[in-house]
Amino acid sequence: MPPSTTSARLLSGMLIGAGVAHFVAPRQFDAIVPRSLPGSPRTWTHLSGVAELAIGAAIAAPRTRRAGALAAAGLFAAVFPANVKMAYDWRHRPAPLRAAALARLPLQAPLVLWALRVRRAGRPDS
C-alpha cells in the first residue's frame, strides 16, 4: 500500500473514531463548545460528530478523498476555538490535565497540514 494511502486511511480512521466518540461520550465535547455559539452544546457536539464521520468517510473513498481532506483541514481549523476554550477552562485543573489541554493547541497546525498533504496526494475528484 502506498504511503499516501496509509496516511489517508489513518486520517480517515482518526476522524471516524472521533466522530463516534461525539455520540458515545458527548459530555466531554459539550463542555468545550464555546458559549458564544447559539443553541445547545449537545447540538454542536452532534453536528461536529456527524461532520467528522462524513469527512472521515469521504477521505476513505479515493474518489472523494481530495474534497474530504480539504474539508478535514477546514474542520481542524474550525474547532480550534473549542481547544482554546478547553485550555482556558482547565487552567486550574491538575498539571497533567492542564498540560493535555495546552498540548492540543499546537497540535491543530500539524492536523491541518496532514489533511492538506492527503489532499495533494489523493486522486483528483471525478
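Only a predicted model underlies this, so the values are computations on that prediction, with no experimental measurement involved. (Residues numbered from 1 in each chain as written. Predicted model: local features only at pLDDT ≥ 70, side-chain atom pairs only at ≥ 80, totals over all residues. Heavy atoms only, no water.)

What's the story with the overall build of the chain in this structure? I'm lost.
In terms of helices and strands, the chain carries 6 helices and 0 strands. Sequence-ordered secondary structure for the chain, helices as α and strands as β, is α-α-α-α-α-α. The globule rule puts the C-alpha radius of gyration for 126 residues at 14 Å, and the 15 Å found for the chain is close to it. Principal axes of the C-alpha set define a box for the chain whose edges measure 45 × 30 × 25 Å. Looking at the 126 residues of the chain, the share that counts as buried comes to 32%. Between the mean site of the 16 positive side-chain charges and the mean site of the 4 negative ones, the chain shows a separation of 6 Å. (Helix = DSSP H or I, 4+ residues; strand = E, 2+ residues; numbered from the N terminus. Rg over C-alpha atoms; globule rule 2.2 N^0.38 Å. Buried < 20%, exposed > 50% of the residue type's maximum accessible area, 1.4 Å probe, protein only. Lys, Arg positive; Asp, Glu negative; His and termini not counted. Charge placed at Lys NZ, Arg CZ, Asp CG, Glu CD.)

I keep staring at the environment of Gly68 and nothing clicks. Help me out?
By the secondary structure assignment, Gly68 is in helix 4 (residues 65–78). Sequence-wise, Gly68 and Ala115 are 47 residues apart; in three dimensions their C-alpha atoms are separated by 8.7 Å.

Looking at this structure, I do not really get helix 3 (residues 41–60). What am I missing?
Three or four residues apart is the spacing at which side chains of an α-helix point the same way, because the helix has 3.6 residues per turn. Its 20 residues place the ends of helix 3 28 Å apart at the C-alpha level, agreeing with the 28 Å of an ideal helix rising 1.5 Å per residue. Residues of helix 3 that are buried include every one of Thr45, Gly49, Glu52, Ile55, Gly56, Ala58 and Ile59, and no others. The opening residue of helix 3 is Ser40, an N-cap whose side-chain oxygen sits 3.1 Å from the backbone nitrogen of Arg42. (Expected span 1.5 Å × (residues − 1). Polar contact = N/O pair within 3.5 Å; in protein donor to acceptor, adjacent residues only side chain to side chain.)

On their own, these measurements won't tell you what the molecule is for.
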